[in-house]
Amino acid sequence: MSTPPDDVDRIVEAWKRERPDLDVAPLHVLSRISRLARRLDLDRAQAFARHSLESWEFDVLSALRRAGDPYRLSPGQLVQETLVTSGTMTNRVDRLERRGLVERSPDPHDRRGVIVELTESGKRTVDAAMADLLERERQLLAELPARQRTELANLLRRLLSPFES
């Protein structure tokens, strides 16, 4: 089964015509990944907006949710999970706390530290947003049979592995 040409094919052909001296083969893969990333960003933003969340809010809440019961992490652990600076995390936790989605409490193991905990409202919100996100992502992948989705995931993992910590 052959797939009809897409916009990336047209772009690649134009570059081949204009710059035959360049190997434009990477565009076949990476331009499609870039376009899919933009589509995914839009779908994620819509899924999160249905629950009055920004992407960064979902990132923090989902890090706490993935931590498991009792859904607590230190600010330092949240920084590691979300790849932002400690100053940015402090601001984010402040904002989420004002919304009643997280709460701070003293760290029982470090008198100077605090623990950030997901509230019941935060848990409900992140769970509902995650369910919506997964439905949108399933729709995005619906064109591929399960075997091809697994193959694609493995190929992308291999491609990303040099950049992972």
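Residues numbered from 1 in each chain as written. Predicted model: local features only at pLDDT ≥ 70, side-chain atom pairs only at ≥ 80, totals over all residues. Heavy atoms only, no water.

A cluster of nonpolar side chains, namely Val29, Leu30, Ile33, Leu36, Leu140, Leu141, Leu152, Leu156 and Leu159, defines an oily patch on the protein surface of about 700 Å² accessible area. Put simply, the parts of the chain that give the nonpolar patch at least two residues each are helix 2 (26–49), helix 6 (120–141) and helix 7 (146–160). In terms of residue count, helix 2 provides more of the nonpolar patch than any other element does, 4 residues in total. On the secondary structure map, Leu141 appears in helix 6. (Patch = residues over 30% accessible without salt bridge, like charges linked within 9 Å, V, L, I, M, F, W, Y side chains within 5 Å. Areas by Shrake-Rupley, 256 points an atom, 1.4 Å probe, with all protein chains shown as cover. Salt bridge = Lys/Arg side-chain N within 4 Å of Asp/Glu carboxyl O. Helix = DSSP H or I, 4+ residues; strand = E, 2+ residues; numbered from the N terminus.)

With that settled, consider the sheet that holds strand 1 (residues 72–73). Pairing is antiparallel in the open sheet, where 3 strands are placed in the order 1-3-2. Single-partner strands in this sheet number two, and they are strand 1 and strand 2 (102–107). As paired strands, strand 2 and strand 3 (residues 110–118) are joined by 6 bridges and run antiparallel to one another. Bridge pairing links Glu103 to Glu117 in strand 3. In the packing of helix 5 (residues 86–98) onto the sheet, contacts are made with strand 2 and strand 3, and the angle to strand 2 comes to roughly 120°. (Pairing = 2+ DSSP bridges. Contact = heavy atoms within 4.5 Å. Axes fitted to C-alpha atoms, helices over the stretch in contact; angles between N-to-C directions.)

This brings us to the UniProt feature "domain: HTH marR-type" (unreviewed entry) in the protein. UniProt's feature table lists "domain: HTH marR-type" (unreviewed entry) at residues 26–161, given in the numbering used throughout. Secondary structure across residues 26–161 divides into 69% helix and 12% strand, with the first and last C-alpha atoms of the span separated by 18 Å. (UniProt positions renumbered as here; feature names shortened; annotations may be inferred.)

The next point concerns the packing of aromatic side chains. By the definition in use, this model includes 1 aromatic pair. Between Phe48 and Phe58, the aromatic rings sit 4.3 Å apart at their centres with planes inclined by 20°, giving stacked as the arrangement. Placement of Phe48 in helix 2 and of Phe58 in helix 3 (residues 55–66) is noted, with a sequence separation of 10 residues between them. With respect to class, Phe48 is no different from Phe58; both count as buried. (Phe/Tyr/Trp six-rings, centres within 6.5 Å; stacked < 30°, edge-to-face > 60°. Buried < 20%, exposed > 50% of the residue type's maximum accessible area, 1.4 Å probe, protein only.)

The subject of this paragraph is the packing of helix 2 against helix 6. Between helix 2 and helix 6, the least distance of the axes is 9 Å, while the angle of their chain directions is 145°. Considering how the two elements wind past one another, helix 2 and helix 6 form a crossing that is right-handed. Contacts between helix 2 and helix 6 involve Leu36, Arg39, Leu40, Asp43, Arg44, Gln46, Ala47 and Phe48 from the former and Ala129, Asp132, Leu133, Arg136, Glu137 and Leu140 from the latter. Tallied by class, the residues present in the contact of helix 2 with helix 6 amount to 7 nonpolar, 1 polar and 6 charged. (Left-handed = near helix turned anticlockwise from the far one by under 90°. Nonpolar A, V, L, I, M, F, W, Y, C, P; charged D, E, K, R; others polar.)

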